[in-house]
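Summary of structural features
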Amino acid sequence: MDCKHVKSVLSDYLDGVLSAEETAWVKSHLESCQECRDEYEQLRQTVQALSSLGEVVPPAGLRRELRRRLEDTVLDKLSGRFSWKSFLPRRWKRITGVQLAPVAAVLVLMLILLPLAGGRMAGPEQQKEVLSTQNSQAETKSRSVPQLASEEKISVIPTSKTEEKMLQAPAPTGSVGQGSNDARMTAGAMDGSVTEDTRKIIKNADVSLQVDDYQAASEAIKRQVEAAGGYVTSESVNVAGTGGVVSGNLQVRVPAARFESFLAGMEGVGKLKSRNIYTQDVTEEYIDIESRLKAMRTKEERLLAILTKSGQLSDVLAVENELANTRAQIEAMQGRLRYLNNRTEFSTVNINIQQVAASTQQISGGGFKDVFKKTKEAFIKAVNNIILGAGALLVFIGSAIPYLALIAVVIGVAWWLTGRARRGDSR
Amino acid sequence: MQREEKLVARSKNGDIDAFEELVSLYERKIYTITYRLMGNREDASDLAQETFLRAFQSLGGFRGEASFSTWICRIATNVCRDELRKRYRLAADSLDERLTLEESQVGRQFASNEPGPDEICERRELQSIIQGFINALSPEFRLTLVLRDILGYSYEEIAKQLDCSPGTVKSRLSRARNYLKDKLLAEKEQNSRHERLYG
C-alpha cells in the first residue's frame, strides 16, 4: 500500500470503518512511514478539535421571543383560527394585517366604483343608439308622392322628403336645432338649384307643437301667418280628458317665398314635437297643360274660322259641337293651371297644437304614481348596474391576473436577491 | 428522565409553561447545533426558534419511541439542512461537487463566511477560527462534518438524514476533514511566523 492510498483512507481508518484487512495494511504502513504518521496525527487532532468545540451560549432574547411566538400559536389553536401563516416562508410571516388592509380596501373600492362607471358608460351609449336610429330613419323613410291626375313622373330635383321625428320630453338637446337646420338646408338646396320662376313646386308641411297655452299659441301663429301675407284656411279645437288637455288643428297657407321663415317662426311658439315637410314638383304637368292649352286655343280659332266660312247647317252644327267641346277642355285646363298656380304660390302648413296641462294645476295623484314608477325604475337600474359592475370587476380581475402574476414573480425575484445581499452585507 | 417525560406529556396537552421548561433544558444544545451549522448568530437564533416551534406543534406525533433529545435534535438538523440547501440552490452545480463555497459562485454572497462583529474579539480563539473554516464548506460537506464530528451521529444516521449512501458520507467526511486539517495547518504556520517576526 502506498502513501497516496493510505492518505485517502485515513479518515475511515480514524473512524474504524475500514475492513479488517485494510486496517492492518494501514497500521503497518503507518508504523514505517513518518510522513503518513504525521498526516494521520494532524487529522486526528483536527477531528479532536472539532469534537471539543464547546456549546454555544444562546442570546438572552431567544427564549422571550420564542415564548411570544408559542403563545401566538396556542391562541390561534384555541380560538379555532388556523394559522395559515405557519405555512408561509419565514419572511412572509412579517406581513401583518396592517399591510393587507390597504389591499382589501382597494378591492372594496373597486367593487363600489366599477358599477358606477359601468352605469355611466351605458347611458351615453343608449343615447348614441337613439340618435343613430333617428338618422337612419330619416334616410330610409320616404313619403309616397301623392298621385296626380296626370301620370307625369315628378322629377327628382330636390324631392326632399325630409322627415325628422324626435323623441318627446328628455330629447337630446342638440336635436331640435338639428331638425330645423336640416329643414332649412333642404329648403335651401331647393332654392339654390332652382329658382321659383322656372319650377312649379308645391310645398307642404305638417307640424306638431306642444304648448302651455293653446289660446296664446294659436293667436301667435295667426299673427305670424298674417305677417307673412298668408291666410288661415281652417281651424278646429278639441278639448279632451278630465285634465283639460286641449288640442287643435290649424291649417294655414303662406306665400311660398315665406314658407321657410314661417316654419322657423313657429318654433318660438311652442315645443316642436314633430315636423314633416314634403314637396311636389309639378313643373312637368304645368308645362304640359300649358302646351295643350295653347293647342286647344289654336283649335278653337280654326273652328271659328271654319264657322264663318261654311254656310251649311249640318256643318255649322258639327263645328259648333266641336267648338263647345274644345272650349270646355280649355276651361278645364285653365282651371287646373289656376289651381296649380295657387298651390305653388301658397304653401300649405298643417299645424297640430297640443296644450300640455300645466303641472301646477294637477293634484299629484299622477305625481305619486310617477314617483313610485321612477323609484322602481331607479332601483332596477341600480341592481342592473351592480350586476354589470360585478361582471366588469370579474373581467378586470381576470385580465389582471397575468399582470399580477408577472409582477409577483418580478417582486419575488427582486426580494429574494436583496434578501441574499442583505444577508451577505450584515456579516 | 421522569421529569422530562412529565414535561413532554404536559406540553402535548398544550401547556406552554411545561414546554418552556423543556426549552430551557435544550436551549443550549439546539442553539449549538444551529450555530455550528449556520455559522452566524442571527440564523442560529431564527432556526433555533423554528426548531422549538415545530417541535411544539408536532408534539402530537411524538410517541416516545426515540428519546426527546434525539427527536428534537433531529428536528434542528432537519431545519438547518433544509435552510442551507434552499439558500445555496442558486449554484448550477450540484451541491456535491464543490467542497468549499469559495469555489462556487454562491460563496461570495452568503453571510456565514465570516464571524460577526460580536465574535471578532474571540477571533484569535481556536473555536471561532474553526467555525470560520466550517462556514466555508458547502452545505452537504458542512452538514456531514458537523453531524459526525460535532454531534457524533453514525454514518447510517447521517446517510439517512442527508438522503445519500454511507459511501458518499465517508468520502464527503474525508474531504471535509482534510480541508479543515490543511486550513488549520496553514493557520498555525502563519501564527508561528507571526510570532517569530514579532515575538
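The structure presented is a predicted model; accordingly, all values stated were derived computationally and were not measured.

Turning our eyes to something else, we now look at the overall build of chain A. Secondary structure summary: chain A contains twelve helices and six strands in total. Out of the 427 residues in chain A, the part that is buried amounts to 30%. A separation threshold of at least 6 residues defines the contact pool for chain A, and within that pool the share at least 24 residues apart is 75%. As displayed, chain A offers around 27200 Å² of accessible surface, 60% of which is attributable to carbon and sulfur atoms.

Helix and strand content of chain B: nine helices and zero strands. In chain B, the succession of α and β elements from N to C terminus is α-α-α-α-α-α-α-α-α. Expressed as a percentage of its 199 residues, the buried residues of chain B come to 54%. Counting only contacts in chain B whose residues sit at least 6 apart along the sequence, the fraction spanning at least 24 positions is 64%. Accessible surface, chain B: about 9400 Å² in total, of which carbon and sulfur atoms supply 47%.

Turning our eyes to something else, we now look at the nonpolar core. One recurring pattern in soluble globular proteins: nonpolar side chains tend to sit buried together. In terms of nonpolar packing, the biggest core is built from 65 residues, with Phe19(B), Phe68(B) and Ile134(B) touching the most fellow members. By residue number, the principal contributor to this core is helix α2 (residues 16-38) of chain B, which donates twelve residues. Here this core gathers at least three residues from each of two domains, domain 1 (1-89) and domain 2 (94-199) of chain B. Setting aside residues up to four positions removed in sequence, Phe19(B) forms contacts with Leu70(A), Ser11(B), Phe52(B), Ala55(B), Phe56(B) and Leu59(B). Of all hydrophobic cores here, the second largest spans 24 residues; its members include Val211(A), Val246(A), Val254(A) and Phe259(A).

Even without being a glycine, Asp163(B) presents a positive backbone phi close to 60 degrees. Relative to the helices and strands, Asp163(B) is located in the loop between α8 (155-162) and α9 (166-198).

Here we come to the packing of helix α3 (residues 34-51) of chain A against α9(B). Across the interface, α3(A) lies against α9(B) with an axial gap of 9 Å and an inter-helix angle of 95 degrees. Compared by their axis directions, α3(A) and α9(B) come out roughly perpendicular. Residues Glu39(A), Gln42(A), Leu43(A), Gln45(A), Thr46(A), Val47(A) and Leu50(A) of α3(A) form the contact with α9(B), whose participating residues are Arg177(B), Asn178(B), Leu180(B), Lys181(B), Leu184(B), Leu185(B) and Lys188(B). A class-by-class count of the residues in the contact of α3(A) with α9(B) yields six nonpolar, four polar and four charged.

Let us look at the interface of chain B and chain A. On the chain A side, the residues contacting the 58 residues of chain B number 42 residues. For chain B, the biggest contributors to the area lost against chain A are Gln49(B), Arg177(B) and Lys181(B); these three give 14% of the whole. Seen at the junction of chain B and chain A, the total is six salt bridges. Of the charged contacts in the structure, one is a salt bridge between Lys181(B) and Glu39(A), with a shortest N-O distance of 2.4 Å. Counting the contacts that link chain B with chain A gives twelve residue pairs in polar contact (both at pLDDT 80 or more). Those elements that provide at least two residues to the side of chain B that touches chain A are α2, α3 (41-57), α4 (68-87), α6 (126-135), α7 (139-150) and α9 of chain B. Of the residues in the side of chain B that touches chain A, the class split is 25 nonpolar, twelve polar and 21 charged.

All names here are of chain A. For strand β6 (residues 346-355), the tally of buried residues reaches seven of ten residues, placing the bulk of the element in the interior. In terms of strand pairing, strand β2 (residues 201-211) meets β6 through eight bridges, oriented parallel. By the bridge assignment, Val207 is partnered in β6 with Ile351.

A word on the side chain of Thr326(A). Within the secondary structure, Thr326(A) is located in helix α11 (residues 313-345). Filtering out sequence-adjacent residues up to four positions away, Thr326(A) remains in contact with Met296(A), Lys299(A), Glu300(A) and Leu303(A).

What describes a pair of aromatic rings is the distance from one ring centre to the other and the angle between the planes of the rings. Residue and element names in this part refer to chain A. Under the definition given, this model contains eight aromatic pairs over all chains. Residues Tyr13 and Tyr40 carry aromatic rings whose centres are separated by 5.4 Å and whose planes lie at 65 degrees to one another, so their mutual orientation is edge-to-face. Here Tyr40 lies in helix α3 and Tyr13 lies in helix α1 (residues 3-15), a separation of 27 residues in the sequence. Overall, the relative accessible area of 17% leaves Tyr13 in the buried class.

A word on the confidence of the model for chain A. Residue and element names in this part refer to chain A. Averaged over every residue, the pLDDT of chain A is 75; the share at 70 or more is 69%. When pLDDT is averaged over each element of chain A, α3 comes out on top at 92 and strand β1 (residues 163-165) at the bottom at 39. Within the model, the stretch residues 123-196 combines pLDDT values under 50 with 69 contacts to residues more than four positions away or in other chains.

Detailed conclusions should not be drawn from predicted coordinates in areas where pLDDT is low. All names here are of chain B. Residue-level pLDDT values for chain B average 83, and 82% of them are 70 or greater. For chain B, the element scoring lowest by mean pLDDT is helix α5 (residues 117-120), at 49; α7 scores highest, at 93. Within the model, pLDDT remains below 50 along residues 119-124, and this stretch shows nine contacts once partners closer than five positions in the same chain are excluded. The complex model carries a pTM of 0.46, and its ipTM stands at 0.85.

Criteria and thresholds
Residues numbered from 1 in each chain as written. Chains lettered and ligands numbered in written order. Predicted model: local features only at pLDDT ≥ 70, side-chain atom pairs only at ≥ 80, totals over all residues. Heavy atoms only, no water. Helix = DSSP H or I, 4+ residues; strand = E, 2+ residues; numbered from the N terminus. Buried < 20%, exposed > 50% of the residue type's maximum accessible area, 1.4 Å probe, protein only. Contact = heavy atoms within 4.5 Å. Areas by Shrake-Rupley, 256 points an atom, 1.4 Å probe, with all protein chains shown as cover. Core = buried A, V, L, I, M, F, W, Y, C linked by side-chain atoms within 4.5 Å. Domains from an automatic or database assignment. Axes fitted to C-alpha atoms, helices over the stretch in contact; angles between N-to-C directions. Parallel < 35°, antiparallel > 145°, perpendicular 65-115°, else oblique. Nonpolar A, V, L, I, M, F, W, Y, C, P; charged D, E, K, R; others polar. Buried area = accessible area lost by both parts, 1.4 Å probe. Salt bridge = Lys/Arg side-chain N within 4 Å of Asp/Glu carboxyl O. Polar contact = N/O pair within 3.5 Å; in protein donor to acceptor, adjacent residues only side chain to side chain. Pairing = 2+ DSSP bridges. Phe/Tyr/Trp six-rings, centres within 6.5 Å; stacked < 30°, edge-to-face > 60°. pLDDT = per-residue confidence, 0-100.

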